[in-house]
Structures are given as C-alpha cells and as structure tokens.
Amino acid sequence: MQIIEIYKSLQGESSYTGLPCVFVRLAGCNLRCAWCDSEYTFKGGNRMTLDEIEGEVHRLLPAGGLVEITGGEPLLQEREVVPLMDRLLAAGYTVLLETSGERPLERVPSRVVKIVDVKCPDSGEGDTFRLENLNALTPQDEMKFVVASRRDYEFARDFIHEHRLSSLVASVIVSPAFRKDAAGARDVSHCLVEPQDLAEWMLADGLQARLGLQIHKFIWEPSLKGV
Ligand code: SF4
C-alpha cells in the first residue's frame, strides 16, 4: 500500500476525541476540498506491505487500542485496505475509518467504525456523497459535516433532518472548518465559522448533533503534521 505516515497521537475528532490512537495515513485523494489540511497526502508516500504496516502499528501500540485508517481517501486503495482492516480487527484493535463517503462503503468490514465526512457546498466538493452509502451505515458509525459558512451549516442541518441521521448512527458531528494555512496561535481565530455562532445556530434549531472542535489544532501548533 502507498502510505504517507504512521504515527501515534491523540484522536482529535469524533466521539473518540482525546484517546490515544495510531494513525495510518494513506496516500492519494480524488477530491480537492477548499480547506483541505492534508494536501501533502495527494502524492508520494512509501510502499509498505500489510505485514510492515501491522508491525508498525503493533510497535506503536503493543497493548492494543485505537487505530484510525485515514488519508487522503483510504478507500482508493480498497483492495489492500480491506484486508488490512480485517487483520487489525483480528489482532484486537478498535479500527476507525475516516472517509468522505464518495467511495462505496459496502465492502468495509462491519466491525470497523466508519467516520463519514459528508462534504458541504463551500468545500467545493458538495454533492459527492454517495447516497447508497446510507444503507451501509451501522449504529456504531459516525457522520461528520465540516462547515465553512452559514450556507454549509444549513446544508448539514437539512441533510441531518432529511436522512434522520441521529437515529442512524452513533454520533453526528458538526465542526467548523479550519483555515488550511493556519499557523501560530492555537485558538479559534483560524476557524472559518466562529464556534460560538455555530453553537448558537445548533441550539436555535434544536439540532440532534454534536459540535466538534479538532482538539489537536488547539493542543499543538496548527500547521504541525503527524500529531
Ligand atoms: S477528502 Fe480529505 S484529504 Fe481529500 S481533499 Fe477533502 S479534506 Fe483533503
């Protein structure tokens, strides 16, 4: 598989936020989100076998725990990433898969927790979510909307209502987008939507969703990779 990096950090998003986690970051993405903070994954990386990847995960997290498969878009390497997830599950890890939902999800092993990032219009990649993927979701999965504007928020709100997401998955998360060139201060000044505004919109609408902040951007310098 083509791998950008494997590292241990704290999970910064989702309902697993704050837990130690090994991240396996795969190369390549077929989308180009306007606020993408992972453009370094689009090209390059190193070829690694499944044995090498599993060995590195075990070295970093020998006692088991959380492993997130991320990218880029990991399902672009589906032929190899599905067996990798099977092997990590068999080794006793809890496996999270971060995906845009543009690729089919039906071949993802059912015990993997899918964290599906539905793209909002201001990402420039709206309308890429594959609606049939709603049928592949399980009650342990999570859905995420990264919002860069009031328009994005309204898209997320309407999508959550229309598809009754709060009864479909364990957690629905709405997060402010972070400026992709964010550097320096570890504070909300880099958010494209003021978190306080987002909180107030969610409360006013009684939205059945969780406000998510990417905690790694507040713990470490926001431009730092591999954290
Ligand atoms: S799907 Fe993820 S990695 Fe791909 S462009 Fe969008 S934010 Fe970046």
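Scroll up to find the structure this text is about.
Being a predicted model, the structure only gives us computed values, none of them experimental. (Residues numbered from 1 in each chain as written. Predicted model: local features only at pLDDT ≥ 70, side-chain atom pairs only at ≥ 80, totals over all residues. Heavy atoms only, no water.)

### Description of the site of the ligand
If you check the shell around the ligand, you find Cys29, Leu31, Arg32, Cys33, Trp35, Cys36, Phe42, Gly72 and Lys119 and nothing else. Residue composition of the shell around the ligand, grouped by class: 6 nonpolar, 1 polar and 2 charged. (Near = heavy atom within 4 Å. Nonpolar A, V, L, I, M, F, W, Y, C, P; charged D, E, K, R; others polar.)

### Some remarks on the pattern of salt bridges
Counting across every chain of the model gives 18 salt bridges. Note that Lys217 and Asp37 form a salt bridge whose closest N and O atoms lie 2.8 Å from each other. Remark: Asp37 occurs in the loop between β2 (20–26) and β3 (46–47) and Lys217 occurs in helix α5 (residues 216–219); sequence separation between them is 180 residues. For Asp37, a relative accessible area of 31% puts it in the partly exposed group. The shortest N-O distance in the salt bridge between Arg47 and Glu80 comes to 3.1 Å. Within this pair, whereas Arg47 is found in strand β3, its partner Glu80 is found in helix α2 (residues 78–90), the two being separated by 33 residues in sequence. Given the relative accessible area of 57%, Arg47 is considered exposed. Among the ionic contacts, a cluster of salt bridges with common partners joins Glu13, Glu98 and Lys144. (Salt bridge = Lys/Arg side-chain N within 4 Å of Asp/Glu carboxyl O. Helix = DSSP H or I, 4+ residues; strand = E, 2+ residues; numbered from the N terminus. Buried < 20%, exposed > 50% of the residue type's maximum accessible area, 1.4 Å probe, protein only.)

### Concerning helix α3 (residues 150–162)
Here α3 contains 13 residues, and its C-alpha end-to-end distance of 18 Å stays within 8% of the 18 Å for a straight helix at 1.5 Å per residue. What α3 keeps buried is the set Asp152, Tyr153, Ala156, Arg157, Phe159 and Ile160. The buried side chains of α3 occupy one side of the element, clustering within an arc of 165° when seen end-on. For α3, the secondary structure elements touched by its buried residues are β7 (142–147), β8 (171–176) and α4 (195–205). (Expected span 1.5 Å × (residues − 1). Arc of directions from axis to C-beta. Contact = heavy atoms within 4.5 Å.)

### Looking at the nonpolar core
Val24, Ile53, Ile69, Met85, Met143 and Phe145 are the most contacted members of the largest nonpolar core, which has 50 residues in total. A total of 6 residues in this core trace back to one element, the largest contributor, which is α2. In this view, Ile69 contacts Val24, Leu26, Pro74, Val81, Leu84, Met85, Leu88, Val95, Leu96, Leu97 and Glu98; residues no more than four positions away in its chain are not counted. Grouped together as the second largest cluster of nonpolar side chains are 7 residues, Tyr7, Leu66, Leu96 and Ile115 included. (Core = buried A, V, L, I, M, F, W, Y, C linked by side-chain atoms within 4.5 Å.)

### Concerning the packing of aromatic side chains
Scanning the entire structure with this criterion turns up 6 aromatic pairs. Ring geometry for Phe129 against Phe159: centres 5.7 Å apart, planes inclined by 85°, an arrangement best described as edge-to-face. Linking Phe129 in the loop between β6 (113–117) and β7 with Phe159 in helix α3, this pair joins segments that are 30 residues apart in sequence. Per residue, the accessibility class of Phe129 equals that of Phe159, and both read buried. By the ring-pair criterion, three or more aromatic residues cluster together here, those being Phe129, Phe145, Phe155 and Phe159. The ring centre of Phe42 lies 3.7 Å from the NZ or CZ of Arg32, which sits over that ring. The aromatic ring of Trp201 is capped on one face by Arg150, whose charged end is 5.0 Å from the ring centroid. (Phe/Tyr/Trp six-rings, centres within 6.5 Å; stacked < 30°, edge-to-face > 60°. Lys NZ or Arg CZ within 6 Å of the ring centre and 35° of its normal.)

### Observations concerning the sheet that holds β8
Remark on secondary structure: sheet strands pair via backbone hydrogen bonds, oriented parallel or antiparallel. Strands sit in the order β3-β1-β2-β4-β5-β6-β7-β8-β9 across an open sheet of 9 strands; the sheet is mixed. Whereas interior strands pair on both sides, the edge strands pair on one side only; in this sheet they are β3 and β9 (210–211). (Pairing = 2+ DSSP bridges.)

### Points about the side chain of Ser14
As for its position among the elements, Ser14 is in the loop between β1 (2–10) and β2. Here Tyr16 takes part through its backbone nitrogen, which lies 3.0 Å from a polar atom of the side chain of Ser14. The contacts of Ser14, once residues within four sequence positions are left out, are Ile115, Glu142 and Ile173. (Polar contact = N/O pair within 3.5 Å; in protein donor to acceptor, adjacent residues only side chain to side chain.)

### Examining the pairing of β1
In this sheet, β3 lies alongside β1 in antiparallel orientation, the contact comprising 2 bridges. By the bridge assignment, Ile3 is partnered in β3 with Asn46.

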